[in-house]
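Notes for the structure review
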Amino acid sequence: MTSKTYHLGIIGHPLGHTLSPQLQTAFLKQAGLSGIYEVWDTVPEDLPEMIKTLKQHAIDGFNVTIPYKTRIMPLLDEIDPLAKAIGAVNTVVISSKGLQGFNTDCDGFWDSLPPSLQQNIVGSKVILLGAGGAARAVGAAMIRGGAQSLVLVARNLDQAAQTRAVLNACAALLSENPPKISLLPYQAFDGSQCGAIINTTPVGMSGDLLAMPLTLSQIRSLPDSAWVIDLIYKPHPTQFLKLAQAQGYATLDGLGMLLHQGALAFTHWTGVTLPQTCMDNIFRQFA
Ligand code: NAP
């Protein structure tokens, strides 16, 4: 009997800090599958050639990260409707059908939320700090989850307007009752009646550990029941979450999203959905 060895990897540039190899290796182990997961750091001019090479070398699939989540789309044979609407692909499956692109950030974010937080989202106002790629996936998750309104707080309101247009297109796919989406500069921040606030900027990542996307008084303007969420998973937790916790808010960092978007990619490649106990084991390894 021959057992399959999965050949997987990640494309991006630069890729020095990625946790995906450890994560996907842990998924393979928990699932009892054999496979390797490689890091393919690829400079922009080599991207089209690299994709051709992967297609020719019996690779089963790969993750796509910064700066190629959008740039890879014209190089694929098929794109899942949600990934197309979000305008970003983070997972590619290679099969006899060719190269198929998916976005697992949206569902991965939603799956990472505790049930009480998912409940909190329904009918509530959700504030996103930042309006880049992650804000699109997370905004789509909030639309699917039933948020009543979304506020994009950004320093670049032109970029935020483009993200709003993308999210309105996602809403047509995801919701019969789409939320109202508004834009706000940081100076006009208004935390009132907010059910959840999500930092989708890189502010507070290693390099500037004390940086925060909001001031303490802006954090304090949130209702006591608001959840404060940061997509950053290193440091764990960020200064933003530490201060929010100290004010008594419920908080969540980005480690769960990292795990769940990876687990959904793993399912696309292998057909295996890892049970919750396996996910809990892996979460403990990375926490
Ligand atoms: P991106 O596309 O570059 O977007 C970043 C956004 O943050 C942009 O709107 C940018 O605005 C804003 N921003 C950057 N620096 C800022 C500052 N100093 N003050 C205010 N706004 C600022 O990046 P991304 O792909 O969305 O990723 C954003 C963060 O999410 C990263 O930290 C990434 O690691 C994290 N992330 C985590 C996961 C996970 O699994 N946990 C998944 C995806 C992303 P400007 O255009 O004005 O610069």
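This structure is a prediction, so every number in the text was calculated from the model and none was measured.

1. Some points on the environment of Pro223
- With respect to the helices, strands and loops of the structure, Pro223 is situated in the loop between helix H8 (216-220) and strand E11 (227-230).
- Along the sequence, Pro223 and Gly195 sit 28 residues apart, while their C-alpha atoms lie 7.8 Å from each other.
- The residues touching Pro223, leaving out its near neighbours within four places in the chain, are Gly191, Ser192, Gln193, Cys194 and Tyr249.

2. Considering the site of the ligand
- Looking at the ligand, there are 21 residues lining it, with Ala134, Arg155, Gln159, Leu231 and Gly254 nearest.
- Separating an oxygen atom of the ligand from a backbone N or O atom of Ala131 is a distance of 2.9 Å.
- Measuring from an oxygen atom of the ligand, one finds a side-chain N or O atom of Arg155 at 2.7 Å.
- Calculation on the ligand without its partners gives an accessible area of 920 Å², and the protein chains cover 74% of this total.
- Its atoms largely coinciding with the cavity grid, the ligand occupies the largest pocket.
- Broken down by secondary-structure element, the contributors of at least two residues to the shell around the ligand are helix H6 (133-144) and helix H10 (255-270).
- Among the residues forming the shell around the ligand, the class breakdown is 12 nonpolar, 8 polar and 1 charged.

3. Observations regarding the sheet that holds strand E5 (residues 91-95)
- Judged by pairing direction, the sheet is mixed, and its 6 strands sit side by side in the order E2-E1-E3-E5-E6-E4 without closing on themselves. For this open sheet the edge positions go to strand E2 (34-41) and strand E4 (78-79), each flanked by a neighbour on one side alone.
- Both E4 and strand E6 (residues 98-102) contribute to a ladder of 2 bridges, which runs parallel. Residue pairing for E6: Glu78 is matched across the bridge by Gln100.
- Along the sheet, helix H1 (residues 20-31) contacts strand E1 (5-12), E2 and strand E3 (61-64); its crossing angle with E2, the most-contacted strand, is approximately 170 degrees.
- Contacting E1, E2, E3, E5 and E6, helix H2 (residues 47-56) runs over the sheet at an angle of about 175 degrees to E1.

Parameters at a glance
Residues numbered from 1 in each chain as written. Predicted model: local features only at pLDDT ≥ 70, side-chain atom pairs only at ≥ 80, totals over all residues. Heavy atoms only, no water. Helix = DSSP H or I, 4+ residues; strand = E, 2+ residues; numbered from the N terminus. Contact = heavy atoms within 4.5 Å. Near = heavy atom within 4 Å. Polar contact = N/O pair within 3.5 Å; in protein donor to acceptor, adjacent residues only side chain to side chain. Areas by Shrake-Rupley, 256 points an atom, 1.4 Å probe, with all protein chains shown as cover. 1 Å grid on protein atoms, 1.4 Å probe; cavity = no way out; pocket = protein on both sides within 12 Å on 5 of 7 lines; lining within 4 Å. Sits in = over half its atoms within 2 Å of the grid points. Nonpolar A, V, L, I, M, F, W, Y, C, P; charged D, E, K, R; others polar. Pairing = 2+ DSSP bridges. Axes fitted to C-alpha atoms, helices over the stretch in contact; angles between N-to-C directions.

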